[in-house]
Structure formats: structure tokens, C-alpha cells
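# What the coordinates show
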Amino acid sequence: MNSICHLCKCTVKDNTLFSDLSDEQLERFKNVIAALSYKKKDAIFWEGDNCNGFYVVKSGRIKILRTSKNGKEQIIKLSYPGEIIGMEAFYGGKRYINTAVAMDECEICFIEKKAFFKILEEHPGISKKIIIALSRELKTAYDKIGDMGLKTAKEKMANLLCTLAKDYGISQDGKIKLNLNLSRLDIAELLGITQETSIRLLKSFKEAGILDIKRKEIIIKSLSMLEAAGE
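Residues numbered from 1 in each chain as written. Predicted model: local features only at pLDDT ≥ 70, side-chain atom pairs only at ≥ 80, totals over all residues. Heavy atoms only, no water.

## Describing the overall build of the chain
Secondary structure assignment for the chain yields 7 helices and 13 strands. The C-alpha atoms of the chain give 19 Å as radius of gyration, which agrees with the globular expectation for 231 residues (17 Å, within 12%). In terms of principal-axis extent, the alpha carbons of the chain reach across some 60 × 40 × 35 Å. A buried classification covers 43% of the 231 residues belonging to the chain. Surface summary for the chain: the accessible area is close to 12,800 Å², and the carbon and sulfur share equals 52%. With 38 positive and 31 negative side-chain charges, the chain shows a spacing of 3 Å between the two charge centroids. (Helix = DSSP H or I, 4+ residues; strand = E, 2+ residues; numbered from the N terminus. Rg over C-alpha atoms; globule rule 2.2 N^0.38 Å. Buried < 20%, exposed > 50% of the residue type's maximum accessible area, 1.4 Å probe, protein only. Areas by Shrake-Rupley, 256 points an atom, 1.4 Å probe, with all protein chains shown as cover. Lys, Arg positive; Asp, Glu negative; His and termini not counted. Charge placed at Lys NZ, Arg CZ, Asp CG, Glu CD.)

Printed below as a string of C-alpha cells:
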């Protein structure tokens, strides 16, 4: 069931798209943002669904999937609190081009497309800041793509694990526990490497004393060594 978000600034204000807005400008969105809750494995939207708006992740993790012509699904991104999903709305896309699935119990803020653009039309000052913010998002995306393109498979793996450790790791006895809910194939797809390479890299990190593996749980024994492997 939808409920009015009343502008949860902990999520919306922290998102790059809205971070430059004043409290007065942010207040304009108060009545167009709805709070939604999803259980683990629930679909937020499916590829091909009508695109009626976009979402800001408030809590939990979302995996973004794309389906190939032969029906194979591939993870193309993990989205975390503060991130936007369903950006098709920004360029007038009528349908979502990806599928978004909750990896945990999630809370998400939905912003309806027509109401969003109406605010931009009525408030040029907000429009200018949103355009600048989108340009910044685009630059960040280009930087990440360029950076990842120059990294080896080992460096990509180390960087992914470091990011997950900092965002979702649980510190215990000087170690960091990660319950990823991701298969080796999922990790490989995220990094653009083969499943065999993913398995080999995790094994090499284990042999180097950087981490330990227990099913889907990864225990990082030395974050500093992992960070060094990603440089």
C-alpha cells in the first residue's frame, strides 16, 4: 500500500539529483513522493512495464537486470540507498528497459513522472539545479566506466568487495562479514568477467589470507590487503 513519504530527506535530499535544492525547493516535491515497501525477491518493475515514474532507494539493495534475446538474465547494476532507479522517466521513455528486483526487504520512494516534470516547468530554478545534477551524475558514470575499463579482473573484484564491505559489511572480531546473497555467476556478471574467473579470483584472495568463504558468506580478514589488491 502506498503512503505519503512526507519528503524523507534522509533519502531524497542525499540523492545527487536533489542534493543542491534548498529546503524550500525540496518542499515542492512533498506531495508527489510516495513510500513503498517490498519484500526480498519482489519485483519493483519489470522490463517492458509502463514507465510512470522513477524511484529513490531508501533502504535495502536492488539488483537491476536485463534480459537477452534468448531469455538469459544478466545483472547490470546493484543499487543502494540514495540511488535512483527507473531513470527511463527522465527522457520520456514509455517503458522500463530493465527489471528491478529487491535483494532485501526494501523501502523505496516513488516519484510520478508527470508530477515531477510539472514541478520543473513551474520552477525554472529547480530545473536548472536538476540539469546540473544530472550532468554531474553523467560525468560520474563516465568516470566509473573509464576507470573500470582500465582495471584488471583482480582489481575489479577487489574494488567490488571493498565497496560491499563498507556499505554492508558487519565488523566482528577485527574481520568484516559479508552476506552477499549473490552467486559467483552474479558477481561475474556485475564485473563483466566469466564465472570461472570469478571463482579463481576469490580462491586466490582466500589463499593470500585476504578473505575466507563460507557458502555465500565472505569474511574479509584484511580490508587493507583487499584495498591494496584493487589499486
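Here the narrative resumes, following the displayed structure.
## Here's the deal with the sheet that holds strand 13 (residues 217–220)
Reading across from one edge, 10-11-13-12 is the order of the 4 strands in this open sheet, with antiparallel pairing throughout. Two strands bound the open sheet, and with one partner strand each, they are strand 10 (170–172) and strand 12 (211–214). Looking at each pair of strands side by side, their axes are set apart by 25° on average, direction ignored. In the sheet, strand 12 pairs with strand 13 via 4 bridges, with the strands oriented antiparallel. (Pairing = 2+ DSSP bridges. Axes fitted to C-alpha atoms, helices over the stretch in contact; angles between N-to-C directions.)

## Here we look at helix 5 (residues 184–191)
Among the 8 residues in helix 5, 6 count as buried, and that is most of the element. For helix 5, the full list of buried residues reads Arg184, Asp186, Ile187, Ala188, Glu189 and Leu191. Gly192 occupies a position one or two residues after helix 5 and carries a positive phi of about 70°.

## Details of the environment of Lys129
If you trace the backbone, Lys129 turns up in helix 3 (residues 124–150). On the basis of relative accessibility, which here comes to 28%, the residue Lys129 falls in the partly exposed class. Note: C-alpha distance between Lys129 and Asp20 (109 residues apart in sequence) is 6.6 Å. With residues near it in sequence (within four places) discarded, Lys129 still touches Asp20, Leu21, Ser22 and Gln25. (Contact = heavy atoms within 4.5 Å.)

## Observations regarding the confidence of the model for the chain
Parts of the prediction with low pLDDT should not have their coordinates interpreted in detail. Per-residue confidence for the chain gives a mean pLDDT of 83, with 91% of residues at or over 70. The secondary structure element of the chain with the lowest average pLDDT is strand 1 (residues 3–4), at 45, and the one with the highest is strand 3 (residues 43–45), at 95. Overall, residues 1–6 carries pLDDT values under 50, and its contacts beyond four positions in sequence, including any with other chains, amount to 13 contacts. (pLDDT = per-residue confidence, 0-100.)

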